[in-house]
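Spelled out, the chains give:
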Amino acid sequence: MHRIHTPSQNVKVVPSLTPASRTASADGAYVDTRGFSSALVIFDIGAHDRTTADETFLCKVEEDADGSGAGTAITGLTTGALGAVVPDATVGNRYIFDVDLTKGGRLRYLRGVLTLAGTTPIVLSACTILLFGGDKAVTQPTGVTAYQD
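Notes on the structure follow. (Residues numbered from 1 in each chain as written. Predicted model: local features only at pLDDT ≥ 70, side-chain atom pairs only at ≥ 80, totals over all residues. Heavy atoms only, no water.)

Moving on to the overall build of the protein chain. What the protein chain contains, in helices and strands, is zero helices and nine strands. Counted from the first residue to the last, the protein chain has its helices and strands arranged as β-β-β-β-β-β-β-β-β. Computed over C-alpha atoms, the radius of gyration of the protein chain comes to 16 Å, within 12% of the 15 Å expected from 2.2 N^0.38 for 149 residues, which places it in the range of a compact globule. Considering only C-alpha atoms, the protein chain reaches an extent of 50 × 40 × 30 Å along its principal axes. Split into buried and exposed, the 149 residues of the protein chain put 38% on the buried side. Within the protein chain, contacts between residues at least 6 apart in sequence are counted, and of these 80% link residues at least 24 apart. For the protein chain, the accessible surface area stands at approximately 8500 Å², while carbon and sulfur atoms represent 53% of it. Averaging the positions of the 12 positive and the 15 negative side-chain charges in the protein chain gives two centres separated by 6 Å. (Helix = DSSP H or I, 4+ residues; strand = E, 2+ residues; numbered from the N terminus. Rg over C-alpha atoms; globule rule 2.2 N^0.38 Å. Buried < 20%, exposed > 50% of the residue type's maximum accessible area, 1.4 Å probe, protein only. Contact = heavy atoms within 4.5 Å. Areas by Shrake-Rupley, 256 points an atom, 1.4 Å probe, with all protein chains shown as cover. Lys, Arg positive; Asp, Glu negative; His and termini not counted. Charge placed at Lys NZ, Arg CZ, Asp CG, Glu CD.)

In this section: the side chain of Ser125. In this fold, Ser125 is placed in strand β9 (residues 123-132). When near neighbours in sequence (up to four residues on either side) are disregarded, Ser125 contacts Thr18, Pro19, Ala20, Arg22, Asp44, Ile45 and Leu114.

Per the stated rule, a full pass over the model turns up three aromatic pairs. Considering the side-chain rings of Phe43 and Phe97, the 5.8 Å spacing of their centres and the 85 degrees angle between planes classify their relative orientation as edge-to-face. You can see Phe43 sitting in strand β4 (residues 38-48) and its partner Phe97 sitting in strand β7 (residues 93-100), a full 54 residues away along the chain. When sorted by exposure, Phe43 lands in the same class as Phe97, which is buried. (Phe/Tyr/Trp six-rings, centres within 6.5 Å; stacked < 30°, edge-to-face > 60°.)

On to the state of the cysteines. According to the stated counting rule, one finds zero disulfides in the structure shown. Cys127 provides the cysteine sulfur closest to Cys59, a residue in no disulfide bond, and the two sulfurs are 7.9 Å apart. Judged by relative accessible area, which is 0%, Cys127 ranks as buried. (Disulfide = S-S within 2.5 Å.)

Following the criterion strictly, the structure yields six salt bridges and no others. Its salt-bridge partner being Glu62, residue Arg111 comes within 2.8 Å of it at the nearest N-O pair. Taken together, the residues Arg111 in strand β8 (residues 109-117) and Glu62 in strand β5 (residues 56-64) connect sequence positions 49 residues apart. For Arg111, a relative accessible area of 7% corresponds to the buried category. The class of Glu62 is buried, set by a relative accessible area of 6%. Within this structure, Asp27, Lys60, Glu62 and Arg111 form a network of salt bridges that share partners. (Salt bridge = Lys/Arg side-chain N within 4 Å of Asp/Glu carboxyl O.)

Next up, the structure:
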């Protein structure tokens, strides 16, 4: 078993959707996955408005060849429309998606997409992508700070 003494040098942490209170659907920034074998896409969902009971949100993962297009949803990597979800008061809710980057036909860029619907949707949310199995040393992107003990 391979022991990772400094995970921050082996796992790249890249925000796709920065933390925000969203009132409209949002497409996250594309993340370049070149040189990695797998990804974990994490949606953090906090409080959300259910005032009229028709508000919903949907989390999904999209891919694109060059990170500039509309993106294509990856089959099976969606929550479907979520409505009456009660957020955990302490930690919120998380939806995680495993992505095999070595799968034939997989496109190079990934992003998280949050789709809101209903009368007055408001969702506290963020999406982070963790990249694993890199073929070289990892450099964290701007805005990610790693500490070691």
